[in-house]
Amino acid sequence: MRFDQVTVSLEPRGTANCLDLALCFTRHYLKPIAGLWATIAVPACVLVYMLVEYYEFKLWMAALILFFVTSPLGVLLMAGAAPCAFGEPFTYRGTFRRLGWRGIGLIIKGLALRVATALAAVLFIFPGWYLGVRQGFFVEQAVLSKMARHLHDRRADELLQGEIGDLFFRSAAIGLFSLMIWFVLLITVDTACSTLLGWPILMGRCKVDMSYLANSADLPEYIFKFLWSDPIVITASLAVALLVYPIARLAWFFCYIDVRVRRDCWDMELQIIQEAQRLEGA
C-alpha cells in the first residue's frame, strides 16, 4: 500500500461526510458492490422465503439472518473497498482473489463476534453495542495490514480505544440513517412494483386483504400479523435491508479512516511522501 496512491482524500470527516462519501463510493463502484450483494442476498432471501412460507417462521427469523449474513457481506465489502481506497482495483473477482483462504478465517471470526455481541446484548443492550463498536474495524485492520504492516499494531488499537465514545455516536447516527433509507427504499420498491409490474409487495396487497376484515377495530391487529408473517413482505424487507447495508458499512469504514487521520496523522504521512518525491525529482 502506498499513501501517494490514495483514491479517497485523507482529511478529517464528520459522520455526515462519511455517509456522503459512502454514497459516492457506492455509485462509482456499483457493479462490484452489486455483485457482492447478490452473492449474499440472493441465497439469504431464498432461505428466508422458504422458512416463512413452508415452515411458518416469522419476521424475527429474517432479522436474525440479517444480523449474521451482514458479517460475511461486510468482510467481502472491506476486502474490496479498503484496498481500493489506497489505489488497488476493486473488482468482484479480485475481491475473492485478494481474500483467498484467509477470508474463511475472517468470516468465522466475524460470525463469532456476532454471536458474542448477541449474547452480550441479551444481558443488556450496552455490552453488545460496546463489543460491536470496539471490534467493528477488525476486517479493515486485517485487510490493510496485509498491504502495510504498520497499519495494524498495538498503537492502532489504542487509538480506537481513545475514540470509543465518538464511535458510539457515529454508529448510532449511521444506524438511524440506514433505517430511514431502508423505509424509503421499501416504499419505493413497493410503489414501483405496483405501478410498473402490477405486482404489489406491501401496500397494494394489504388493501386487497383488508376487504375480508369484520370491522375496523381489527385493522391494527391485521396489519401487525400481515407484516409479521407474510413471506413476500419479509423477504422484500430483508433484500432492501441488505441493499442498504453496503452504504452503512462503507460509512463505518470511512469513520475508521477519519480516526487514523485525526489521531495517527495519515494525511501528514501523505504530505511527507509527496514532498520527498518532489525533492527527488528536483
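For clarity, every value in this text was computed on a predicted model and none was experimentally measured.

With respect to the overall build of the protein
For step 1, the next point in the chain: Looking only at helices and strands, the protein features 13 helices and zero strands.
For step 2, the next point in the chain: Secondary structure elements in the protein, listed N-terminal to C-terminal, are α-α-α-α-α-α-α-α-α-α-α-α-α.
For step 3, the next point in the chain: The buried share of the protein, taken over its 282 residues, is 44%.
For step 4, the next point in the chain: Of all intrachain contacts in the protein linking residues separated by at least 6 positions in sequence, the fraction that spans at least 24 positions is 78%.

Quick look at the layout of surface pockets
For step 1, the next point in the chain: By volume, the largest pocket is sized at about 1,500 Å³.
For step 2, the next point in the chain: What lines the largest pocket is a set of 42 residues, and nearest its centre among them are Phe 67, Thr 70, Arg 114, Gly 175 and Tyr 245.
For step 3, the next point in the chain: Contributing elements (two or more residues each) for the lining of the largest pocket: α3 (59-84), α5 (102-123), α6 (125-134), α7 (138-147), α9 (164-197) and α12 (231-264).
For step 4, the next point in the chain: The residue inventory of the lining of the largest pocket, partitioned by class, reads 27 nonpolar, 13 polar and two charged.

Structural notes on the packing of α5 against α6
For step 1, the next point in the chain: Closest axis-to-axis distance for the α5/α6 pair is 6 Å, and the angle between their directions is 155°. With respect to their mutual orientation, α5 and α6 come out roughly antiparallel. Residue-level contacts link Leu 113, Ala 116, Thr 117, Ala 120 and Ala 121 of α5 to Ile 125, Pro 127, Gly 128, Leu 131 and Gly 132 of α6.
For step 2, the next point in the chain: Taken together, the residues that form the contact of α5 with α6 break down as seven nonpolar, three polar and no charged.

Some words on the pattern of salt bridges
For step 1, the next point in the chain: Considering all chains together, one arrives at six salt bridges under this definition.
For step 2, the next point in the chain: Between Arg 262 and Glu 163 there is a salt bridge, and its shortest N-O distance comes to 3.1 Å. Of this pair, Arg 262 sits in helix α12 while Glu 163 is found in the loop between α8 (154-162) and α9, placing the two residues 99 residues apart along the sequence.
For step 3, the next point in the chain: Taking relative accessible area as the criterion, Arg 262 reaches 34% and is therefore assigned partly exposed.
For step 4, the next point in the chain: Of the charged contacts in the structure, one is a salt bridge between Arg 262 and Asp 258, with a shortest N-O distance of 2.8 Å.

Calculation criteria
Residues numbered from 1 in each chain as written. Predicted model: local features only at pLDDT ≥ 70, side-chain atom pairs only at ≥ 80, totals over all residues. Heavy atoms only, no water. Helix = DSSP H or I, 4+ residues; strand = E, 2+ residues; numbered from the N terminus. Buried < 20%, exposed > 50% of the residue type's maximum accessible area, 1.4 Å probe, protein only. Contact = heavy atoms within 4.5 Å. 1 Å grid on protein atoms, 1.4 Å probe; cavity = no way out; pocket = protein on both sides within 12 Å on 5 of 7 lines; lining within 4 Å. Points joined across faces, edges and corners; volume = space filled by probe spheres on them. Nonpolar A, V, L, I, M, F, W, Y, C, P; charged D, E, K, R; others polar. Axes fitted to C-alpha atoms, helices over the stretch in contact; angles between N-to-C directions. Parallel < 35°, antiparallel > 145°, perpendicular 65-115°, else oblique. Salt bridge = Lys/Arg side-chain N within 4 Å of Asp/Glu carboxyl O.

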